[in-house]
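Fold and contact review
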Amino acid sequence: PHCDIGNEGMVALCQGLKGNDVVEQLDLEYNNIGESGSKAIGDMLSTNNKLHHLDLEHNAICDTSSDFLASGLTKNNTLANLVLCQNQIGNEGARKLGKMLKVNRKLQKVFLEQNPFKSGGEQALVNGVRRNFHIQHL
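Throughout what follows, the structure given in this document is the object of discussion. (Residues numbered from 1 in each chain as written. Predicted model: local features only at pLDDT ≥ 70, side-chain atom pairs only at ≥ 80, totals over all residues. Heavy atoms only, no water.)

This part covers the packing of helix H2 (residues 35–45) against helix H3 (residues 63–75). Axis separation between H2 and H3 bottoms out at 7 Å; the angle between their running directions is 5 degrees. The angle between the axes of H2 and H3 places the two elements in the roughly parallel class. Of H3, the residues touching H2 (which contributes Glu35, Ser38, Lys39, Ile41, Gly42 and Leu45) are Thr64, Ser65, Phe68, Leu69, Gly72 and Leu73. Partitioned by chemical class, the residues of the contact of H2 with H3 number 5 nonpolar, 5 polar and 2 charged. (Axes fitted to C-alpha atoms, helices over the stretch in contact; angles between N-to-C directions. Helix = DSSP H or I, 4+ residues; strand = E, 2+ residues; numbered from the N terminus. Parallel < 35°, antiparallel > 145°, perpendicular 65-115°, else oblique. Contact = heavy atoms within 4.5 Å. Nonpolar A, V, L, I, M, F, W, Y, C, P; charged D, E, K, R; others polar.)

Shown next as structure tokens:
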């Protein structure tokens with residue numbers, strides 16, 4: 001945490017994690033990760049079969065970034081905990097995550113506190129959880 005990895009560093013890290021069979025937890029809060037870093041994370045999540053916990057709290061994750069993450073999580077079958085608190089996820093990003101929650105059956109805990117989405121985004125998340133009995137915390 002707090003290493004200021006940024007987007008370029010995240011792209012490099014994710015390249016190494018695509019074939020990962022060891023690392024189960026990544027704590028990447030406060031690292032200035034934005035759209036291109038989130039795209040790399042989404043790509044990595046679509047093929048990674050070991051990671052169980054991903055903490056992306058307090059980065060620069062926005063609606064577009066959420067779309068990349070949701071796309072990867074739709075294909076992921078190992079990540080159980082996702083922390084996205086204190087980012088810039090608005091209604092559109094929350095809708096993308098809600099749609100992903102309808103199909104992802106491994107996520108158990110998703111933390112989204114202190115993001116700027118409003119009731120439209122909240123409703124999309126609730127709709128996603130209604131179809132996913134694996135979620136224990138949202």
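Even without glycine at this site, asparagine 32 takes up a positive phi of about 55 degrees. Here asparagine 32 is to be found in the loop between strand E1 (25–27) and H2. Within the chain, glutamine 86 stands out as a residue other than glycine whose phi angle is a positive 55 degrees. Among the structural elements, glutamine 86 can be located in the loop between strand E3 (81–83) and helix H4 (91–101).

Nothing here speaks to function; it is geometry throughout.
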